[in-house]
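The chain contents come next:
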Amino acid sequence: MATTEETQKPDAATATDEETATLEVFRYVPEEDDEPYFETFEIETFEGMTVLDALIKIRDEQDPSLTIRHSCRMARCGSDAVYINGTQRLACNTQVREVGDPVKVEPLPRFDVIRDLVVEMNEFYDRMESVEPWFQPDHEPETGEEYLQSPENRRNIDTVLDCIWCGACTSSCSPAATDSDFPGPAALAKAYRFYKDEREGEETRKRRLEMLESSHGIYRCHTQFNCTEVCPKGISPTEAIMEMSRDAVKEKLRFWR
Amino acid sequence: MSTKPSKTAGWNWFLQRATGVALVVLLGFHFAVEHFIVGAHHITAENTVERITHGLIQGDHVLGQITINMPAFLYQASAILLLAFSIFHGMYGVYNILMEQDALKKYRQPLKYFFIVFSIALFIQGVLIFLAFFEPFWEIYDPR
């Protein structure tokens, strides 16, 4: 008779082997390789091991040429966003055993590859800059005064403040892939952060909205929620974009003012 | 981002959504009348003329034979609105998808005018077919 322990089904991650995992890693050096390829690595895993841990282990023990961008290792810097088993994720925030076996690791789709898992981020930063993501108040405060913000207003923008510029959302966005004039979800969520900030004043708010209303601005969002699904910080750029779109149309509907 | 302000983008975005909602209602009505009530053997030239000119809907339903005599103008309005909204929604949607391709942006103006002219032509064609169900007004109209 089978014991309770024996009849329990092992979970997917440990079904093949509790000690090892297979990583299929995208490899490409544009100056040397004709085309990209996947290289398979077997590694010993431990409870709580992240994909970044695994990649660093491979680099340290098996192939020192494996290239990945990383810094804080705690989902704060956003530098290690990659494509793991078909989803944009932070390598440092994804456990090897929770994504199944094998673990397929690729660079962020729709970004140019510099080497292996490292992508060119300049185009992404240009998109971010296009929405002027910096504080632009209408008026300077009186001498000695501070820019005061109400707690309610702060709570309104709380949701989008956590953006770490990892690029996962922009990588997942269909219109951003084909339309280089579209700022993309990260930039528009950042624009929302300033658009909703009451300290900037009404004039700046209207100017920002006019800028975002360009023919390749907020109205290009397809409301697919891809960005919302992949954001490692739980931000919903789609909702921010839709709120700005509704506000812009409401302004137009008040044409008698 | 292209920062050139657009006066029409907001209105078009709004109309695209408004026509989308309207299409759900109109298509629901269209499907109910044409596919769920009528029944294939009731789709005859006579029944179609009756439906379009007098709003008389006859057909089968799981509950039995159905006869709905709705105001003719309501049925006609729903048909014309369905035609107009579906053309706008479909054409504007396709135009936008094309305009999101970097390679096609240089053809923006010609494509815009092509879609406007094509949409108007489709609408006129649809209205002409619709009017064909009525006696030609020039045969009815007697100036004497």
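Analysis parameters
- Residues numbered from 1 in each chain as written.
- Chains lettered and ligands numbered in written order.
- Predicted model: local features only at pLDDT ≥ 70, side-chain atom pairs only at ≥ 80, totals over all residues.
- Heavy atoms only, no water.
- Helix = DSSP H or I, 4+ residues; strand = E, 2+ residues; numbered from the N terminus.
- Rg over C-alpha atoms; globule rule 2.2 N^0.38 Å.
- Buried < 20%, exposed > 50% of the residue type's maximum accessible area, 1.4 Å probe, protein only.
- Contact = heavy atoms within 4.5 Å.
- Areas by Shrake-Rupley, 256 points an atom, 1.4 Å probe, with all protein chains shown as cover.
- Lys, Arg positive; Asp, Glu negative; His and termini not counted.
- Charge placed at Lys NZ, Arg CZ, Asp CG, Glu CD.
- Pairing = 2+ DSSP bridges.
- Axes fitted to C-alpha atoms, helices over the stretch in contact; angles between N-to-C directions.
- Buried area = accessible area lost by both parts, 1.4 Å probe.
- Salt bridge = Lys/Arg side-chain N within 4 Å of Asp/Glu carboxyl O.
- Polar contact = N/O pair within 3.5 Å; in protein donor to acceptor, adjacent residues only side chain to side chain.

Some details on the overall build of chain B
Part 1: Per the secondary structure count, chain B includes five helices and two strands.
Part 2: Here the C-alpha radius of gyration of chain B, 20 Å, is well above what a compact globule of 144 residues would show, namely 15 Å.
Part 3: Counting over 144 residues, chain B shows a buried share of 31%.
Part 4: Considering only intrachain contacts with a sequence separation of at least 6, the fraction spanning at least 24 residues in chain B is 53%.
Part 5: Roughly 9,400 Å² of accessible area belongs to chain B as shown, and the carbon and sulfur atoms make up 71% of that amount.
Part 6: Looking at charge distribution, chain B has the averaged site of its 9 positive side-chain charges lying 25 Å from that of its 9 negative ones.

What about the sheet that holds strand β2 (residues 37–44) of chain A?
Hydrogen bonds along the backbone pair up the strands of a sheet, which may run parallel or antiparallel.
Residues and elements named next belong to chain A.
Part 1: Spatial strand order, β2-β1-β5-β3-β4: five strands in an open sheet with mixed pairing. The sheet terminates laterally at β2 and β4 (87–90), the two strands that pair on one side only. Strand-to-strand twist of the sheet, defined as the mean angle between neighbouring strand axes without regard to direction, takes the value 35°.
Part 2: In terms of strand pairing, strand β1 (residues 20–27) meets strand β5 (residues 103–106) through three bridges, oriented parallel. Directly across from valine 25, in β5, lies its bridge partner valine 105.
Part 3: Across the sheet, helix α2 (residues 51–61) touches β1, β2, β3 (81–84) and β5, and the angle it forms with β2 is around 95°.

Some words on the interface of chain A and chain B
How big an interface is tends to be expressed through the accessible area that disappears when the partners come together.
Part 1: Taken together, the 26 residues of chain A in the interface contact 19 residues of chain B.
Part 2: In total, about 2,100 Å² of surface goes out of reach between chain A and chain B, with carbon and sulfur atoms giving 57% of it.
Part 3: Ranking the residues of chain A by area buried against chain B places Thr178(A), Arg220(A) and Lys252(A) at the top, with a combined share of 26%.
Part 4: Taken together, chain A and chain B are joined by three salt bridges.
Part 5: In this structure, the salt-bridge partner of Asp179(A) is Lys105(B), at a minimum N-O distance of 2.4 Å.
Part 6: One can count nine residue pairs in polar contact (both at pLDDT 80 or more) joining chain A with chain B.
Part 7: When contributions to the side of chain A that touches chain B are tallied by element, the ones reaching two or more residues are α6 (174–178), α8 (202–212) and α10 (237–253) of chain A.

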